[in-house]
Amino acid sequence: MAKTVFTVEEARASGMTEYQLRHRWLAVPTPGIRLWDLGDLPWREVVEAVSSLPGEHYLSHSTAARLWGLWLPHHLEEDWPIHVTGRKGESGARRRPGIHGHKAGLVDEDVVELSGLRLTTPERTWVDLSTQIKDPVWLVAAGDALLQRSKGPARPDGVLGANPLCTLAEVDAVLGRRHRTKGINAARHARELIREGVDSPAETLLRLIIVDAGLPEPVVNREVWLSPTLKRRPDLHYPQWRIAIQYDGRGHGEAAQLNSDIKRDSDFTDHGWESVKAADDIFRSNGARQFLERLRRAIHRQSRVASTVTVV
């Protein structure tokens, strides 16, 4: 066959014999699927083949999350196993080598067929992730990924859908249909913390560090008018104190980006705002502590300028 990865049914339909299906150059990533052994397994092609296997099953959990482009912790970005979910009482989704099968009470609103793939919807996928993601911060980050703004950063190549992937109402509808299931309490708690318009998982982490420290929650990625003719969009900000909070992580060292950041910060300063920056060291406890100290000092200075009585 011309395809690199194919199902046994496709092979038989094309005229391959049982003997040819046992060719020494054909690998068997999971029963029912064959691929020409070219080294590393082509994950996307194997996923497509698994999706096309007979039975009532849908790609789900971290497999569907990768296809939707949700933000995941590193251990869930690994290729295997492939997760599929079948409807209770029906065939499909059985466990086999390389495939982790689940059974659940899926309704029509929980699943979709897109680009030849059968998979759970973004919102249902996120709720199912609550059984795999143990760090509540990353569960919030995956939820934030559902609600990215349409004019935000470009989505990764090859992922499905367009931003935003769903609405909060659709997330709530899935939560309302799920009762007494594993991970549901974690999902309900994370639902209260997910926000619209977040551009990266680092911004999620930054926001939660601020909130966990007992500081007011900043506004997420909303444009502010610095003058009648000038507006800027800080990652996070406090409008009451005119403080812009920016995450400048890896990848911001190119000259064009550096010049843009300098101009952005200058615009805020020129119009009475203070910029507080966070870098990759916020992922370490000492870096997070130093960032919070800078932020508290900025709040103190700006609250005096604004003649407020807010005490942090």
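Provided above is the structure to which this section pertains.
Residues numbered from 1 in each chain as written. Predicted model: local features only at pLDDT ≥ 70, side-chain atom pairs only at ≥ 80, totals over all residues. Heavy atoms only, no water.

Q: What is the right way to read the overall build of the chain from this model?
A: Looking only at helices and strands, the chain features 10 helices and 14 strands. Here the chain holds 312 residues, and the buried ones make up 48% of them. Here the contacts in the chain between residues at least 6 apart in sequence split such that 57% fall between residues at least 24 apart. Surface accessibility of the chain: about 16,000 Å² in total, with carbon and sulfur atoms responsible for 52%. (Helix = DSSP H or I, 4+ residues; strand = E, 2+ residues; numbered from the N terminus. Buried < 20%, exposed > 50% of the residue type's maximum accessible area, 1.4 Å probe, protein only. Contact = heavy atoms within 4.5 Å. Areas by Shrake-Rupley, 256 points an atom, 1.4 Å probe, with all protein chains shown as cover.)

Q: Which parts of the structure should I look at to understand helix α7 (residues 184-191)?
A: Note that an α-helix has 3.6 residues per turn; residues three or four places apart therefore point the same way. Those residues of α7 lying buried are I184, A187, A190 and R191. Taken down its axis, α7 places every buried residue within 125° of arc, on the same side. Among the exposed residues of α7, those pointing more than 90 degrees away from its buried face are N185 and H189. Along its buried surface, α7 packs onto α4 (122-129), α5 (136-146) and α6 (168-177). (Arc of directions from axis to C-beta.)

Q: I keep staring at the layout of surface pockets and nothing clicks. Help me out?
A: Sizing a probe to match a water molecule and rolling it over the atoms shows the empty space that remains. As a volume, the largest pocket reaches approximately 1,100 Å³. Lining the largest pocket are 43 residues, with D199, S200, P201, A202 and Y247 sitting closest to its centre. Listed by contribution, the elements that provide at least two residues to the lining of the largest pocket are α3 (61-68), α5, α8 (201-212), β11 (230-232), β13 (243-247) and α9 (255-270). When grouped by side-chain class, the residues that make up the lining of the largest pocket number 15 nonpolar, 11 polar and 17 charged. A volume near 280 Å³ is recorded for the second largest pocket. In this structure, the second largest pocket is lined by 16 residues; those nearest its centre are K103, A104, D128, R178 and T181. For the lining of the second largest pocket, the elements supplying multiple residues, two or more each, are β6 (99-104) and α4. (1 Å grid on protein atoms, 1.4 Å probe; cavity = no way out; pocket = protein on both sides within 12 Å on 5 of 7 lines; lining within 4 Å. Points joined across faces, edges and corners; volume = space filled by probe spheres on them. Nonpolar A, V, L, I, M, F, W, Y, C, P; charged D, E, K, R; others polar.)

Q: Which parts of the structure should I look at to understand the pairing of strand β7 (residues 111-114)?
A: As a general feature of sheets, a regular strand has side chains that alternate between the two faces. With 4 bridges connecting them, β7 and strand β8 (residues 117-120) associate as antiparallel partners. Looking at the pairing, V112 lines up with L119 of β8. A loop of 2 residues connects β7 with β8, the two strands running antiparallel in sequence, and S115 in this loop sits at a positive phi of about 55°. (Pairing = 2+ DSSP bridges.)

Q: Help me understand the packing of aromatic side chains, please; the structure alone is not making it clear to me.
A: In this description, an aromatic ring pair is defined by two values, namely the gap between the centres and the angle between the planes. This model, assessed by the stated rule, comprises 2 aromatic pairs. Between Y238 and W241, the aromatic rings sit 5.0 Å apart at their centres with planes inclined by 75°, giving edge-to-face as the arrangement. Relative to W273, the ring of F268 lies with its centre 5.5 Å away and its plane at 55°, an arrangement referred to as tilted. Of the two residues examined, F268 and W273, each falls in the buried class. Over the ring of W43 we find R66; its NZ or CZ atom is 3.9 Å from the centre of that ring. (Phe/Tyr/Trp six-rings, centres within 6.5 Å; stacked < 30°, edge-to-face > 60°. Lys NZ or Arg CZ within 6 Å of the ring centre and 35° of its normal.)

Q: Help me understand unusual backbone geometry in this model?
A: Trans peptide bonds make up most of the peptide bonds, and negative phi angles are found at most residues other than glycine. Here the amide bond leading from N163 into P164 is cis, since omega sits at -10°, within 30 degrees of zero. Tracing the backbone shows P164 in the loop between α5 and α6. For H61, which is not a glycine, the phi torsion comes out positive at approximately 50°. Mapped onto the secondary structure, H61 falls in helix α3. When its relative accessible area of 6% is taken as the criterion, H61 is described as buried.

Q: What's the story with the packing of α4 against α6 in this structure? I'm lost.
A: At a minimum axis distance of 9 Å, the contact between α4 and α6 shows a crossing angle of 55°. Judged by the angle between their axes, α4 and α6 are oblique. The two elements α4 and α6 cross, and the hand of that crossing is right-handed. Together, E123, R124, W126 and V127 of α4 and E170, V171, V174 and L175 of α6 make up the contact between the two elements. A per-class count over the contact of α4 with α6 returns 5 nonpolar, no polar and 3 charged. (Axes fitted to C-alpha atoms, helices over the stretch in contact; angles between N-to-C directions. Parallel < 35°, antiparallel > 145°, perpendicular 65-115°, else oblique. Left-handed = near helix turned anticlockwise from the far one by under 90°.)

Q: Help me understand the sheet that holds β13, please; the structure alone is not making it clear to me.
A: Note on sheets: strands pair through backbone hydrogen bonds, and any given pair is parallel or antiparallel. The strand order across the open sheet built from 4 strands is β9-β12-β13-β14, with neighbouring strands paired in mixed fashion. Edge strands, defined here as strands with exactly one partner in the open sheet, are β9 (219-220) and β14 (274-278). Here strand β12 (residues 236-238) runs beside β13; their pairing, made up of 3 bridges, is antiparallel. Looking at the pairing, Y238 lines up with I243 of β13. Helix α10 (residues 285-305) contacts β12, β13 and β14 of the sheet and is inclined by roughly 170° relative to β14.

Q: Help me understand the packing of α4 against α5 in this model?
A: Helices that pack against each other are described as a pair by the angle of their axes relative to one another and the distance between those axes. Close contact between α4 and α5 brings their axes to 10 Å; oriented N to C, the two are set at 180°. Considering the angle they form, α4 stands roughly antiparallel to α5. On α5, the residues that touch P122, E123, W126 and L129 of α4 are L139, A142, G143 and L146. Its residues assigned to classes, the contact of α4 with α5 comprises 6 nonpolar, 1 polar and 1 charged.

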